[in-house]
Amino acid sequence: MIDTLLSVFRISIKAIFANKMRAALTSLGIVIGVAAVITMLAVGSGTQKSMEERFSRFGTNILYLRQPWNLDESISSPKDITMDDVRAVRRLRGVTAAAPYISSGFAVKYGITETTIDVLATDTDIFKTYDWQLASGREFTQREVDTYAQVAILGDTSAKTIFNDVDPIGKIVIFDEIPFTIIGVMKKNGQGGFGFDMDEGTLIPYTTGKVKMNTGWKSENRRALDQVIIRVEDFNKIDELKVSITNAIRNTHKIHPLGKDDFQLDDFASFVEEAKAASKTMGILLGVIGAVSLLVGGIGVMNIMLVSVTERTREIGIRMAIGATSADIRLQFLAEAVTLSCFGGIIGVLLGIGVTLIVAANSTSIPAQLSVGSIVISFAFSAATGIFFGYYPAHKASKLTPIDALRYE
């Protein structure tokens, strides 16, 4: 049996090399299809992992309390989110921290350096909600928050932009004509939700921001916060805490039992799950697109093999006349189709790996992550394509009778 298979394989190789150009063009569709499947699955997998890593920095046990952007018009006197709400949330069991969050942008000046910077006005709980850590200096204190102190903590990138190689600690920086003393510099942390990038920004006490700099979406109300960032102890109890927080804020806002909420509580975990589902769907879609390319390549294999059967009809007749069975003829042409597909699969795998590595090395916006599974699946699919699309031409060849085949011109 093994000798027969080796003999068939040798005959297949000879037939393929007898028509090198045709074999190359036949395999081209498989090459492109396999490379497309590997590259697209790698991009899909890399995108999913990148999104999961970005969201994991925020934590799935984070809640955002804010006033809805599209407030129900039936609510006649909506209340702003204030520190009264923060204090009410902090009293709840199961809440680790609740930090006021007011974002803005300011012109910054230090010496001859002038730039703009994103500023987050908050208090000491922000370090508990996002697990932000300092590279140097210190956090601002509750006393500094209470006394409207003009102190600031810079992000890693903003510190380098303003000070270059100079140590920022203790230096005076002008934020919109108001001097601030730099008391700390953050380690690299990344975004902290709702678009604020701590690396590019700075932290100041919320009291200073509201009273001295008139920050926030609702600058006319010096008590209004943009939102509140809430960290809960146990993610598994987040639904229970959402109910408790909702009741606490309704009580603070003095909302009638039948009245509608004038606030919104966003569960970041739901954002994470939605993002994961979206990235997984995109990965599947990319894989399907690659599979379609492979399917087109398989159809090309079948067409070329049908032409080959027609051209080699007399050869088939001679082989059958000297004792070859229908099974032998079927196996020969099937082996040629599978060999072509496997050669194309090997080249496609190498091409797909190369393209993926180039994309990963030269693009930060298109993450790509190779996986052994995608490579194995792609190669197996290429071999299966050869079997599937090669069977019909092989079966057609095996049905020829020796007399009809020898008569063929």
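Nothing here was measured: the structure is a model prediction, and the numbers come from that model.

Participant: Describe in detail the overall build of the chain, supporting the description with residues and values.
Facilitator: When helices and strands are tallied, the chain shows 13 helices and ten strands. The long-range fraction of contacts in the chain, counting pairs at least 24 apart against all pairs at least 6 apart in sequence, stands at 77%.

Participant: Quick rundown of the side chain of T208? Include the residues and the values.
Facilitator: Examined against the element boundaries, T208 turns out to sit in helix α7 (residues 206-212). With near-sequence residues (within four places) excluded, T208 lies in contact with Y148, A149, Q150, F180 and M213.

Participant: Tell me about helix α8 (residues 238-252), and please be specific about residues and values.
Facilitator: For α8, built from 15 residues, the straight-helix expectation of 21 Å at 1.5 Å per residue is met to within 8% by its first-to-last C-alpha distance of 21 Å. For α8, the elements touching its buried residues are β1 (62-66), α3 (83-90), β2 (95-110), β9 (227-232) and β10 (264-267). K254 lies just past α8 and shows a positive phi near 55 degrees.

Participant: Tell me about the packing of α3 against α8, and name the residues and values.
Facilitator: Packing of α3 against α8 leaves a shortest axis separation of 9 Å and a crossing angle of 140 degrees. Compared by their axis directions, α3 and α8 come out oblique. Of the two possible hands of crossing, α3 and α8 adopt the one that is right-handed. Where α3 abuts α8, its residues D84, D85, A88 and V89 lie against I245, I249 and T252. Tallied by class, the residues present in the contact of α3 with α8 amount to four nonpolar, one polar and two charged.

Participant: Talk me through a nonpolar patch on the surface; I want residue IDs and the actual numbers.
Facilitator: On the surface, M21, L25, L28 and I32 cluster together to form a nonpolar patch covering roughly 430 Å² of accessible area. Within the element layout of this structure, L25 appears in helix α2 (residues 20-58). On the accessibility criterion, L25 (55% relative accessible area) is exposed.

Participant: Residue-level account of the pattern of salt bridges, with values.
Facilitator: Pairing is possible between side chains of opposite charge, provided their charged atoms come close. Using the criterion set out here, one finds ten salt bridges in the structure. Across the salt bridge formed by D84 and R87, the nearest N and O atoms sit 3.1 Å from each other. One end of the pair is D84 and the other is R87, both in helix α3 and three residues apart, which spans about a single turn. Using a relative accessible area of 31% as the deciding quantity, one classes D84 as partly exposed. Note that K109 is salt-bridged to E114, the shortest N-O span being 4.0 Å. The class for K109 is partly exposed, based on a relative accessible area of 42%. With a relative accessible area of 59%, E114 lands in the exposed category. Where salt bridges share partners, they join R90, D123, D125 and K128 into one cluster.

Participant: Before we move on, could you go through the nonpolar core and cite the residues and values that matter?
Facilitator: Membership of the largest hydrophobic core comes to 61 residues, with the highest contact counts inside it found for W132, L203 and I230. If you look at the next biggest cluster of nonpolar residues, it comprises 15 residues, including V34, I329, L334 and A394.

Participant: Let's hear about the confidence of the model for the chain: which residues, and what values?
Facilitator: Interpreting fine coordinate detail is not advised for predicted regions of low pLDDT. Averaged over every residue, the pLDDT of the chain is 79; residues scoring 70 or more account for 80%. Across the chain, the element-wise mean pLDDT spans from 58 in helix α13 (residues 402-407) up to 95 in strand β5 (residues 151-154).

Participant: Could you give an account of the environment of D176, naming the residues involved and the relevant values?
Facilitator: Along the chain, the position of D176 falls in the loop between β6 (172-175) and β7 (178-186). Counting along the chain gives 67 residues from D176 to K109, while the straight-line C-alpha distance between them is 8.2 Å. Among residues more than four places away in sequence, those in contact with D176 are F106, A107 and M213. Within the structure, D176 has its side chain in polar contact with the backbone nitrogen of A107 (distance 2.9 Å).

Participant: Can you explain the environment of T281? Please cite residues and give values.
Facilitator: Relative to the elements of secondary structure, T281 occurs in helix α9 (residues 268-311). Remark: the alpha-carbon pair of T281 and Q48, spanning 233 residues in sequence, is separated by 9.6 Å.

Participant: I'd love a proper account of the pairing of β9, names of residues and values included.
Facilitator: Where a strand is regular, its side chains alternate between the two sheet faces. For β9, the buried fraction is high: six of the six residues fall into the buried class. Neither face of β9 is left uncovered, since the one carrying Q227, I229 and R231 and the one carrying V228, I230 and V232 both have all their residues buried. Relative to β9, β1 runs antiparallel, the two sharing five bridges. Across the sheet, the residue bridging to R66 is Q227, located in β9. Pairing between β2 and β9: six bridges, direction antiparallel. Within β9, the residue paired with P100 across the bridge is V228.

Participant: An account of unusual backbone geometry is requested, with residue identities and associated values reported.
Facilitator: The phi angle at E177 is positive, at roughly 70 degrees, despite the residue not being glycine. Topologically, E177 is positioned in the loop between β6 and β7. Given a relative accessible area of 72%, E177 falls into the exposed group. Residue K254 is not a glycine yet carries a positive backbone phi of 55 degrees. Position of K254 among the secondary structure elements: in the loop between α8 and β10. A residue is classified by how much of its surface remains accessible, and K254, at 71% relative accessible area, is exposed.

Here is what the cut-offs are and how they apply
Residues numbered from 1 in each chain as written. Predicted model: local features only at pLDDT ≥ 70, side-chain atom pairs only at ≥ 80, totals over all residues. Heavy atoms only, no water. Helix = DSSP H or I, 4+ residues; strand = E, 2+ residues; numbered from the N terminus. Contact = heavy atoms within 4.5 Å. Expected span 1.5 Å × (residues − 1). Axes fitted to C-alpha atoms, helices over the stretch in contact; angles between N-to-C directions. Parallel < 35°, antiparallel > 145°, perpendicular 65-115°, else oblique. Left-handed = near helix turned anticlockwise from the far one by under 90°. Nonpolar A, V, L, I, M, F, W, Y, C, P; charged D, E, K, R; others polar. Patch = residues over 30% accessible without salt bridge, like charges linked within 9 Å, V, L, I, M, F, W, Y side chains within 5 Å. Areas by Shrake-Rupley, 256 points an atom, 1.4 Å probe, with all protein chains shown as cover. Salt bridge = Lys/Arg side-chain N within 4 Å of Asp/Glu carboxyl O. Buried < 20%, exposed > 50% of the residue type's maximum accessible area, 1.4 Å probe, protein only. Core = buried A, V, L, I, M, F, W, Y, C linked by side-chain atoms within 4.5 Å. pLDDT = per-residue confidence, 0-100. Polar contact = N/O pair within 3.5 Å; in protein donor to acceptor, adjacent residues only side chain to side chain. Pairing = 2+ DSSP bridges.

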